[in-house]
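The chain contents come next:
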Amino acid sequence: MSGEAYAVIVTHSTSHAIRAEKVIAGAGIACKLVPLPRHISSDCGVCVRIARVDTDAAIRALTDARVDFEGVHDI
């Protein structure tokens, strides 16, 4: 993912983020759990980072697997 623009998928909890990461990776999309950027939320926690070009595919995978998430933010 080096040199690419990223997006983060924000979830309701750390356990949701871990499940989202598994679903996204299972769909063949490169992803990584990272700390939630402060400019998105002051809550401490983690989110799933993906390449921005994979946003639609990741959302589809999460929706198909019925994984709840709060939102997707470009970073």
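Residues numbered from 1 in each chain as written. Predicted model: local features only at pLDDT ≥ 70, side-chain atom pairs only at ≥ 80, totals over all residues. Heavy atoms only, no water.

Caption draft 1: Molecular detail of the pairing of strand β3 (residues 46-51). Of all six residues in β3, five are buried; the element is thus mostly enclosed. Relative to β3, strand β1 (residues 6-10) is paired through four bridges, and the arrangement is antiparallel. When the sheet's bridge partners are listed, Tyr6 is paired in β3 with Ala51. (Buried < 20%, exposed > 50% of the residue type's maximum accessible area, 1.4 Å probe, protein only. Helix = DSSP H or I, 4+ residues; strand = E, 2+ residues; numbered from the N terminus. Pairing = 2+ DSSP bridges.)

Caption draft 2: Quick peek at the sheet that holds β3. Spatially, the four strands line up as an open sheet ordered β2-β3-β1-β4, and their pairing is antiparallel. Two strands close off the open sheet at either side, each with one partner strand: β2 (31-35) and β4 (71-74). Each strand axis lies, on average, 35 degrees off the axis of its neighbour in the sheet, ignoring direction. The pairing of β1 with β4 spans four bridges and is classified as antiparallel. Looking across to β4, one finds that Val10 is bridged to Gly71. (Axes fitted to C-alpha atoms, helices over the stretch in contact; angles between N-to-C directions.)

Caption draft 3: Inspection of the side chain of Thr11 at higher detail. Here Thr11 lies in the loop between β1 and α1 (14-26). For Thr11, a relative accessible area of 8% translates into the label buried. Here Ser13 takes part through its backbone oxygen, which lies 2.9 Å from a polar atom of the side chain of Thr11. In terms of polar contacts, Thr11 uses its side chain to reach the backbone amide nitrogen of Ala17, at 3.3 Å. (Polar contact = N/O pair within 3.5 Å; in protein donor to acceptor, adjacent residues only side chain to side chain.)

Caption draft 4: Broad picture of the packing of α1 against helix α2 (residues 55-64). Running from N to C, α1 and α2 cross one another at 115 degrees; their axes reach a closest spacing of 9 Å. As judged from the angle between their axes, α1 and α2 are roughly perpendicular. By crossing handedness, the relation of α1 to α2 is classed as right-handed. Contact residues: Ala20, Val23 and Ile24 in α1; Ala58, Ala61 and Leu62 in α2. (Parallel < 35°, antiparallel > 145°, perpendicular 65-115°, else oblique. Left-handed = near helix turned anticlockwise from the far one by under 90°. Contact = heavy atoms within 4.5 Å.)

These values are about where atoms sit, not about what they do.
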